[in-house]
Amino acid sequence: MDEAHQDWAGLLERTRQRNPTAAELLVEGLYPVVQAVVHRRKPRSADARDLTQEVLLRILQGLGGFRGDGASLPAWARRIAFRVCLNEWRRRQSRPETVWADLSEEQQALLLGTGDDTASPATEAMAARELLNLLLDRLQPEERWAIELADLEERSGEEIRAITGWSALNLRVRRFRARQKLKRALQQLRRTQRHET
Amino acid sequence: MKPNLLDDLVRKARRVSPAESEAPLATAPPGFVAAVVRRWLSTAGEELSESWLVVSRRGLAVALGLMVASMLWHARELRAPVLMESTASTTVVLSLYPQ
């Protein structure tokens, strides 16, 4: 169902009255919104279907306390999805150490600056993204998302605030901490390379 | 190591377009939506009892907080006389002991 044409206010009212048909239409309408967030933000080992179900259930359970109008329902749903994924990251976080031997040749070349000039930009980009993911795994979930949203996806402060509820100051502090930790992690990786060679 | 290695990595990683990764589903799989709504309707009673529990816990926390605050306030007022009485009693007791 197209988000823009959904009669959210009407569905919202009928769902609050425990109308199963309205509830199903509401869930169907919000499914793509929720799935998009879960797909992007869930921990790699988490099941997208289970998380999506949990988010939709929380949305239905929280409708009684939702004070916005129908048009702000998708944005509210996105925020709930974001929080559920954040909690899932916190629950699962193990912060594994990565050593030089764990890296692929392309990733090692990126760190040493000895990349093959004939390598395609796409290969290099994928290696960079995978390496960055390994390093981001070591951060707190909020720090990880500060980097992903601001640096990788290049979203504006307003967009980030709408998704996460973070103020500009919160975002700045989290980004700063994340960058400091990433730099230390890169230095540590180089130290493991010296030990292994 | 290059001084701006992190920025370099981030710049390269940006080129990985979201379309290259597995796309999320635009519609729910069959039976998924009905299962979610069924689960919601079956837990409707639990939501109510949970909300009452939350209200009663909050009420209890507020009541306890007020009680503690009231006790502290009264203790402040009573502290001097209590100290005085205890000091007087101690003096009387000590004076009864044989030297």
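In what follows, the accompanying structure is described. Since the model is a prediction, treat every value here as computed from it, not as a measurement. Going along each chain's sequence as written, the residues are numbered from 1 onward. For naming, the first written chain is A and the first written ligand is 1, with later ones following in the order written. Reporting in this predicted model follows two pLDDT cut-offs: at least 70 for local features of residues, and 80 or more for side-chain atom pairs to be given and counted; totals over whole chains, interfaces and linings ignore these cut-offs and use all residues. Here the side-chain values reflect all heavy atoms present in the structure, with hydrogen atoms and water set aside.

Residues L60, L64, M67 and M71 of chain B make up a contiguous nonpolar surface patch of about 430 Å² in total accessible area. Summary of the burial criterion: residues with accessible area below 20% of their type's maximum are buried, those above 50% are exposed, and those between are partly exposed, where the area comes from a 1.4 Å probe applied to protein chains only. Under the relative-accessibility criterion, M71 of chain B is labelled exposed at 54%. Within this analysis, patches are made of residues with over 30% relative accessible area and no salt bridge. Like charges are joined at 9 Å or less; nonpolar side chains (Val, Leu, Ile, Met, Phe, Trp, Tyr) at 5 Å or less. To be clear on the numbers: accessible area is Shrake-Rupley with a 1.4 Å probe, and residue cover counts the displayed protein chains and nothing else. The term salt bridge refers to a pairing of a side-chain nitrogen on Lys or Arg with a carboxyl oxygen on Asp or Glu at a separation within 4 Å.

The subject of this paragraph is the environment of A101 of chain A. Residue and element names in this part refer to chain A. Within the secondary structure, A101 is located in the loop between α4 (73–92) and α5 (105–112). According to the relative accessible area criterion, A101 is exposed, its value standing at 54%. The spacing of A101 and L189 is 88 residues in sequence and 9.6 Å in space, taken between C-alpha atoms. Every helix listed is a DSSP run of H or I at least four residues long, and every strand listed is a run of E at least two residues long, numbered separately from the N terminus.

To continue, consider the packing of aromatic side chains. We call Phe, Tyr and Trp rings a pair once their centres come within 6.5 Å, taking the six-membered ring for Trp, and we label the pair stacked below 30 degrees between planes, edge-to-face above 60, and tilted otherwise. For the structure shown, the criterion picks out 4 aromatic pairs over all chains. Summarising the aromatic geometry, the rings of Y31 of chain A and F32 of chain B are spaced 5.5 Å apart at their centres and angled 75 degrees between planes, so their arrangement reads as edge-to-face. Here F32 of chain B lies in helix α2 (residues 32–42) and Y31 of chain A lies in helix α2 (residues 20–41), a pairing that spans two chains. Here Y31 of chain A and F32 of chain B have matching classes, each one buried. Measuring from centroid to centroid gives 4.6 Å for F66 of chain A and W76 of chain A, while their planes differ by 35 degrees, and the two rings are tilted.

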